[in-house]
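Residues per chain are reported as follows:
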Amino acid sequence: MRNNEYDVIIIGGGIVGMATGYYLAKLGQRVLLLEKKYLGFGSTGRCIGGIRAQFSTEATIKVAMESVRLFQGMEREFGFSVEWIPSGYLFLAYDEARKQSFLDIMDLQQSFGLDVRFVSSNEIKKLLPYINIDECLGGTYCPSDGQADPFFILKGYMLGIKKFCGTILTGEEVVAIDNKSAGMFEVTCKSEKRFLAPKVLNAAGPDAYDVGKMVGLELPAEPERHEAFITEGIKYIKMPMIVDYRSDGCYFQQRKTGQIIGCYTPEKRVPGKSIETSFEFLTEMSRRMIRLIPYLENITVLRQWAGSYTMTPDGNPIVDETSVPGFYVAVAMCGHGFMLGPALGKNMADFMVKQKWQYDMNEFAFNRGFSKTAEAMK
């Protein structure tokens, strides 16, 4: 085997690529991970750190529950804290249709053993005395959902990949992938370095479509801009991730440091890879958050930023081998890459080596029709 030849080349240094690289290296694969900037440059380093298993489809619930278990064990696995906290997620319902939707989905979630329950508005007030529950009909609460620090997670995977003799190269942008040689891909970087492998994984986040085009694929993966902010730290008040799905709703949580971090999905989407921020977001996010937690009215916002959700037509990721043999994708996480990344990476590593999934992953299949029911808890 030549010095530039590997068993697997991974393109993308976010949590999905890093997790897959870690588990591949643990399986004895000679791994090369290429990142065009720095680890976490794409979506992972710009996420707000929430982790939940409250989803609406079978595979996503199972993957998310496995991810929660992996997050719970990371301090033991990595040898240092990743600031995992089972701080919970609370989804609020403000109309009967949303309430019934939550109840229907909750039945599916509970069938897989998820510790989620419906709580009345009065129970919410007892759980969170500081919340404004005017017009709220209740919500679903899962105490085992939580949060962790994305940068500590990436650090753990980075050290693990190196421990198991994998290679990570940052500042190496892939510009071409040649798959003309039988059973072998040649990956060329902007630096003119070339690497060979029989298997390539596209885990390029917002650049997933561009990387797919290099082997002739038109992936239905479209990035769009999302903004977030973080405040100064205050006394820790045990705030879960509060999710308000109203048209002018938002979602936010308190970090272990006491800071409040959150975002909302804009009604008018901004397609593309822009990471520009807006004054509108700063004012709107503040208004929406204070409406729910008036206690936060005088808190100071320290920073705001933007990143990408890479979306598919049905709101589910694409995690599979493609129509190009040996070319795999773990892309278009639809805003859920951080929380799903560990389990998707572990399952993808097993699939790439053993050609067998742990459980039915058809929801994420490359060749699915994208016409089925979309993920309802985006």
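Within any chain, residue numbers begin from 1 and follow the written order of that chain's sequence. Reporting in this predicted model follows two pLDDT cut-offs: at least 70 for local features of residues, and 80 or more for side-chain atom pairs to be given and counted; totals over whole chains, interfaces and linings ignore these cut-offs and use all residues. To get the side-chain values, take all heavy atoms of the structure and skip hydrogens and water.

### Observations concerning the state of the cysteines
Disulfides are defined in this document as cysteine sulfur pairs within 2.5 Å. Following the criterion strictly, the structure yields zero disulfides and no others. Summary of cysteine pairing: Cys136 is not part of a disulfide, and the nearest cysteine sulfur, belonging to Cys250, is at 13 Å.

### Focus on the pattern of salt bridges
When a carboxyl oxygen of Asp or Glu lies within 4 Å of a side-chain nitrogen of Lys or Arg, that pair is called a salt bridge. The tally for this structure, following the rule as stated, stands at 19 salt bridges. A salt bridge links Asp248 to Arg291; its shortest N-O distance comes to 3.0 Å. Pair noted here: Asp248 is in the loop between β14 (241–244) and β15 (251–254) and Arg291 is in helix α8 (residues 279–292), with a separation of 43 residues, a long-range link. Whether a residue is buried, partly exposed or exposed follows from its accessible area with a 1.4 Å probe, protein chains only, as a fraction of its type maximum: under 20%, in between, or over 50%, in that order. According to the relative accessible area criterion, Asp248 is partly exposed, its value standing at 23%. One connected set of salt bridges, linked through shared partners, spans Asp244, Arg246, Asp248, Glu284, Arg287, Arg288 and Arg291. Think of it this way: any DSSP run of H or I at least four residues long counts as a helix, any run of E at least two long counts as a strand, and we number them from the N terminus.

### Topic: the packing of helix α1 (residues 15–26) against helix α9 (residues 337–354)
Their axes nearest at 7 Å, the elements α1 and α9 cross at an angle of 40 degrees. If you check the angle between α1 and α9, you find them oblique. Handedness of the α1/α9 crossing: right-handed. Within the contact between the two elements, α1 uses Ile15, Val16, Ala19, Thr20, Tyr23 and Leu24 and α9 uses Gly337, Phe338, Gly341, Pro342, Gly345, Lys346, Met348, Ala349, Met352 and Val353. Partitioned by chemical class, the residues of the contact of α1 with α9 number eleven nonpolar, four polar and one charged. Inter-axis angles, ranging from 0 to 180 degrees, are taken between N-to-C directions of lines fitted to C-alpha atoms, where helices are fitted over the stretch in contact. In what follows, roughly perpendicular refers to angles from 65 to 115 degrees, roughly parallel to angles under 35, roughly antiparallel to angles over 145, and oblique to any angle outside these ranges. For any pair of crossing helices, the crossing counts as left-handed if the nearer helix is rotated counterclockwise from the farther one by less than a right angle, and right-handed if it is rotated clockwise. By definition, residues are in contact when any of their heavy atoms lie within 4.5 Å. Side-chain classes follow a simple rule in which Ala, Val, Leu, Ile, Met, Phe, Trp, Tyr, Cys and Pro form the nonpolar group, Asp, Glu, Lys and Arg form the charged group, and the remainder, Gly included, forms the polar group.

### What to know about the environment of Leu159
Residue placement: Leu159 occurs in helix α6 (residues 150–163). When the C-alpha positions of Leu159 and Glu83 are compared, they lie 17 Å apart, and in sequence the two are 76 residues distant.

### Quick notes on the sheet that holds strand β8 (residues 167–170)
In this analysis, strands are considered paired if DSSP registers two or more bridges between them. The mixed open sheet is built from six strands, whose spatial order is β8-β2-β1-β12-β20-β19. Two strands close off the open sheet at either side, each with one partner strand: β8 and β19 (318–321). Sheet twist, expressed as the average angle between the axes of neighbouring strands with direction ignored, equals 15 degrees. Both strand β1 (residues 8–11) and strand β12 (residues 199–202) contribute to a ladder of four bridges, which runs parallel. Each residue of the ladder has a partner; that of Ile10, found in β12, is Leu201.

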